[in-house]
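# Residue-level structure breakdown
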Amino acid sequence: MKLKKIILGILFFTAVSVPFQAWASGTLSGVGLLAGKEEKEEPDIYQVTLPTDRDLEVVLDPEGLLSIHEQGKYDSSWSGQIHMKQGKGALFINRSSFPVMVRVGISIGQNRKGTPSTIGLLESDSNVNDGVWPQMYLCAIPGAAKIESMDDFMPSDTNIPIEANGGQELTEFSFLLDRSEYVQDEKTGEYVLADYEDNYDSASFVLGGKVNKNADWSSYTGKNKEHLVIRTVYTIQKQSYYDEQRLYQADGEGKMPYALIGK
Amino acid sequence: MKKKIVSLMLAAALCAMPLSVSASALTAPGSTDVTTEGTVNYADTTVYSVTLPTANCFNFVVDPQGILSATDSTNYGPDKYPAGTAGYIVATEGTGAYINNKSSVPIKLMMEAYVQSDDTTGAASSVNLLGLVPEKEIMSGIDNNMMLTMDITHDKVDLATFADETTITTENVNPYVAAITQNGQPAAGDKGTQISFALAPAAYEFTGTAGSYAYTMVGGETGDSVGLRLSGLVNTNADWSAYTGASAEKIAVKTTFSFDKLSSDYELAAFDGRAHGVLADTPAEYFAGAEYDADGNLTGAVTGAMDYEVGKGALEIPFSFGTGANELGIKTIAVNGTELDPADYKALNGVITFKSTEANIKAAMDAATPDGVAAPITIVTSDDIETTVNVTMYK
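Only a predicted model underlies this, so the values are computations on that prediction, with no experimental measurement involved.

### Concerning the overall build of chain B
A tally of regular secondary structure across chain B gives four helices and 22 strands. Principal-axis analysis of the C-alpha atoms gives chain B an extent of 130 × 60 × 35 Å. Taking all 395 residues of chain B together, the buried fraction comes to 31%. Intrachain contacts of chain B at a sequence separation of at least 6 include 71% that bridge at least 24 residues.

### Digging into the overall build of chain A
Across its full length, chain A carries three helices and 13 strands. Relative to its full complement of 263 residues, chain A shows a buried share of 33%. Across chain A, every contact between residues at least 6 apart in sequence was considered, and the portion connecting residues at least 24 apart equals 73%.

### Quick look at the interface of chain B and chain A
Opposite the 42 residues of chain B that make contact, chain A presents 48 residues. Contributing elements (two or more residues each) for the side of chain B that touches chain A: helix 1 (2-16), strand 1 (31-40) and strand 11 (204-209) of chain B. Ranked by residues supplied to the side of chain B that touches chain A, first place goes to strand 1 of chain B with ten residues. Within the side of chain B that touches chain A, the residues separate by chemical class into 20 nonpolar, 15 polar and seven charged. Bridge count between strand 13 (residues 228-238) of chain A and strand 1 of chain B: eight bridges; the pairing is antiparallel. In the strand pairing of strand 1 of chain B, A:Tyr234 is matched with B:Thr32.

### With respect to the confidence of the model for chain B
All names here are of chain B. On average, residues of chain B score 88 in pLDDT, and 93% of them are at 70 or above. The weakest mean pLDDT in chain B belongs to helix 1 at 32; the strongest belongs to strand 8 (residues 145-153) at 97. Low confidence marks residues 1-23, where pLDDT is under 50. Its contacts with residues over four positions away, or in another chain, come to 28 contacts. Both confidence scores are given for the complex: pTM 0.79, ipTM 0.78.

### Here we look at the sheet that holds strand 17 (residues 330-335) of chain B
Note on sheets: strands pair through backbone hydrogen bonds, and any given pair is parallel or antiparallel. Residues and elements named next belong to chain B. Pairing is mixed in the open sheet, where five strands are placed in the order 15-22-21-17-18. Each having just a single partner strand, strand 15 (301-309) and strand 18 (338-339) make up the two edges of the open sheet. Strand direction decides the pairing type here: strand 17 and strand 21 (residues 373-381), joined by five bridges, are antiparallel. Residue Ile330 lies in a different strand from strand 21, and its bridge partner there is Thr381. Contacts from helix 4 (residues 359-366) reach strand 17, strand 18, strand 21 and strand 22 (386-394) within the one sheet, and its direction differs from that of strand 17 by about 35 degrees.

### Focus: the pairing of strand 20 (residues 351-354) of chain B
Residue and element names in this part refer to chain B. Alternating residues of strand 20 divide into Ile352 and Phe354, all buried, and Val351 and Thr353, none buried. In terms of strand pairing, strand 19 (residues 345-348) meets strand 20 through four bridges, oriented antiparallel. Following the sheet pairing, Lys346 is matched in strand 20 by Thr353. Taking the residues between adjacent antiparallel strands as the criterion, strand 19 and strand 20 are bridged by two residues, where Asn349 takes a positive phi near 50 degrees.

### Quick look at unusual backbone geometry
Residues other than glycine seldom take positive phi values, yet A:Asn224 does so here, at roughly 60 degrees. Along the chain, the position of A:Asn224 falls in the loop between strand 12 (201-211) and strand 13. Overall, the presence of 6 C-beta atoms within 10 Å leaves A:Asn224 in the exposed class. One non-glycine residue with positive phi stands out, namely B:Asn336, at about 50 degrees. Looking at where B:Asn336 falls in the secondary structure, it is placed in the loop between strand 17 and strand 18.

### Let's talk about the nonpolar core
A general tendency of soluble globular proteins is for nonpolar side chains to be buried together. Core analysis: the biggest nonpolar cluster contains 54 residues, and A:Phe92, A:Val102, A:Met136, A:Leu138, A:Ala140, A:Phe175 and A:Leu177 have the highest contact counts within it. Contributions of two or more residues to this core are made by strand 2 (58-61), strand 4 (90-94), strand 5 (100-109), strand 7 (135-142), strand 9 (171-177), strand 12 and strand 13 of chain A. Counting residues per element, this core draws most heavily on strand 7 of chain A, at six residues. If we skip the residues at most four places from it in the chain, A:Leu138 touches A:Ile82, A:Ile108, A:Leu121, A:Ile162, A:Leu207 and A:Gly209. In terms of nonpolar packing, the next biggest core, distinct from the first, is built from 44 residues, B:Ala91, B:Met111, B:Leu148 and B:Leu228 among them.

### Description of the sheet that holds strand 16 (residues 316-318) of chain B
All names here are of chain B. Across the sheet, which stays open at both edges, the three strands sit in the order 16-20-19 with antiparallel pairing between neighbours. Each edge of the open sheet is held by one strand with a lone partner, namely strand 16 and strand 19. On average, each strand axis in the sheet is inclined to that of its neighbour by 20 degrees, with strand direction left out of account. Pairing of strand 16 with strand 20, which is carried by three bridges, proceeds in the antiparallel orientation. Within the sheet, the bridge partner assigned to Glu316 lies in strand 20 and is Thr353.

### Quick word on the domain arrangement of chain B
All names here are of chain B. Splitting chain B by domain gives domain 1 (50-270) and domain 2 (301-394). On a C-alpha basis, the centroid separation for the pair domain 1 and domain 2 is 39 Å. Between domain 1 and domain 2, the residue contacts involve seven residues of the former and eight residues of the latter. Of the residues contributing to the side of domain 1 that touches domain 2, the split by class is two nonpolar, four polar and one charged.

### Comments concerning the pairing of strand 3 (residues 81-84) of chain A
All names here are of chain A. In this sheet, strand 3 lies alongside strand 2 in antiparallel orientation, the contact comprising four bridges. Its bridge partner being in strand 3, Asp61 is matched across the sheet by Gln81. Relative to strand 12, strand 3 runs antiparallel, the two being bridged by two bridges. Its bridge partner being in strand 12, Gln81 is matched across the sheet by Lys210.

### Observations concerning the confidence of the model for chain A
Low pLDDT means the predicted coordinates in that region are not meant to be read closely. The pLDDT averaged across chain A works out to 85; a share of 84% of its residues lies at or above 70. Confidence over residues 1-37 of chain A falls short of pLDDT 50; this stretch has 14 contacts with residues more than four positions distant or in other chains.

### Here's the deal with the environment of A:Tyr258
Residues and elements named next belong to chain A. Along the chain, Tyr258 turns up in the segment after strand 13. The class for Tyr258 is buried, based on 22 C-beta atoms found within 10 Å. Residues contacting Tyr258, with those up to four places away along its chain left out, are Pro142, Gly143, Ala144, Ala145, Lys146 and Ala203.

Cut-offs used in this document
- Residues numbered from 1 in each chain as written.
- Chains lettered and ligands numbered in written order.
- Predicted model: local features only at pLDDT ≥ 70, side-chain atom pairs only at ≥ 80, totals over all residues.
- Helix = DSSP H or I, 4+ residues; strand = E, 2+ residues; numbered from the N terminus.
- Buried ≥ 20, exposed ≤ 12 C-beta atoms within 10 Å, placed from the backbone.
- Contact = placed C-beta atoms within 7 Å.
- Nonpolar A, V, L, I, M, F, W, Y, C, P; charged D, E, K, R; others polar.
- Pairing = 2+ DSSP bridges.
- pLDDT = per-residue confidence, 0-100.
- Axes fitted to C-alpha atoms, helices over the stretch in contact; angles between N-to-C directions.
- Core = buried A, V, L, I, M, F, W, Y, C linked by C-beta atoms within 7 Å.
- Domains from an automatic or database assignment.

Following this line, the structure appears as structure tokens:
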């Protein structure tokens, strides 16, 4: 349905400048058929819910101290993990009348001015515990399903390593979210969101990863600590149509990242 | 129909222009910049708890004539002194310096000592202070020869019961482990006689609640301990009257105890077996080995070279600092001529490791090429010797 609309638009546009003969055979009947259909007025309504600045709060736990809190007793097998604070994560919900692309850019730093963090960033977790210096494998984990709240978050098997540290660098990935349906109120003529449960599209991700459990992390705690800030830039762009072909195509089994655009 | 095309073009224009908006809800397509603070949970695992000796812990009696054994057969009987106490320097049984380590890390204990005749001026004693020499040498001639030594508890002492100095007895010590040879307060910059020890850590565990985690000692731990007392021999053939009576010249020993975290893991080669925890005093070998001039003196500069491949872990330079009383520290390290902050390198286990995110190290690594780019690193140790390691960085 959606593709057909585009064809209509393009054909109309080019028909002005190109001689009729060039469009012989197939396209002729196409124009004729489509010309018979009625055109609907499309509302241009923007409604996107974005994450706030508390939604990506992470906790780095090199020693596994969280186990004392969560299990009542210290468990060293908890060491070296990155956790999201309870229930946190980034959720984007599109209820616009048009599809949107959500481009996410992430970097770490010491402050809002873009001073690089002195924590090293790794592209995989295989050597995270080598040596004695603070370093981590920080990754974004997109959700595996369309959800309406982070309480229902389920991680996919995809890990996107964050490798941007300071300055204007960003590690980027994007989601493509479908449009919602709007209906015209008979009395007022205004467009309202069609009232059924599924009438939205959403994407989500959390942060996770591993930290060097053999390092001394004391300079990142206490008074005079070096801060760790996660900078996220969300860019929303209106899309003309929703192209499923752009979505992430996996090669094997596993939980696919929902709405993630492939490279 | 025309209307539709126009609206498409407008939409395209909107796409190309991100609007700058605040972090609160956007009302149209655009961009928003959000920063979030991350938290690091960490409890410092270096906890110090060292019991050092009390003042006046040392006592000793110099007994050239054997008066003690002649008058006190209970404490100085033939079981301990078969030939009597003549010529002995004797400390009371069950007294001495007691050191206990209940830290979470192994510590290096350093003792520095010298003999003096006056506590205020540190003036040297008039006795003839000898090193560890055979008894025959001490007893020859009529000089006031004195060999003043440390008895140190041996490895077999039961640490669970060694809670204070009362365990420092003849059965539990190795006698004459080291001699105090420094007579008089050393000149500024010099050191007296030094002995160093490595004491093992106690077991610790993580405790606490969210927001106030701590690293505390496991209950019931005794920690590692060592005990010392004074001992030695004096010439029985000399006249010791000047050191007794009202206007006697004093024979005093000044000792200073200090400790630090052990800079390297336990290396059994560093224990020389003289007594519990005593470290050998091996000289430093630096990076490429020590260099000496024609007179056998250490020259002020040493050089060497090594390769480093960027991306294969932290930059590490093997370095020998020496052990025991000869262990060197680091004064400064410079990369490409710029000094580093001491927080950005660590010396441990015979290796100096560098933090890859430090600005000068990162710049040297970023400049690396497949053909190799030189980055000289100059290490100045506490003896003012400069070692330059020419590191070739490859990418």
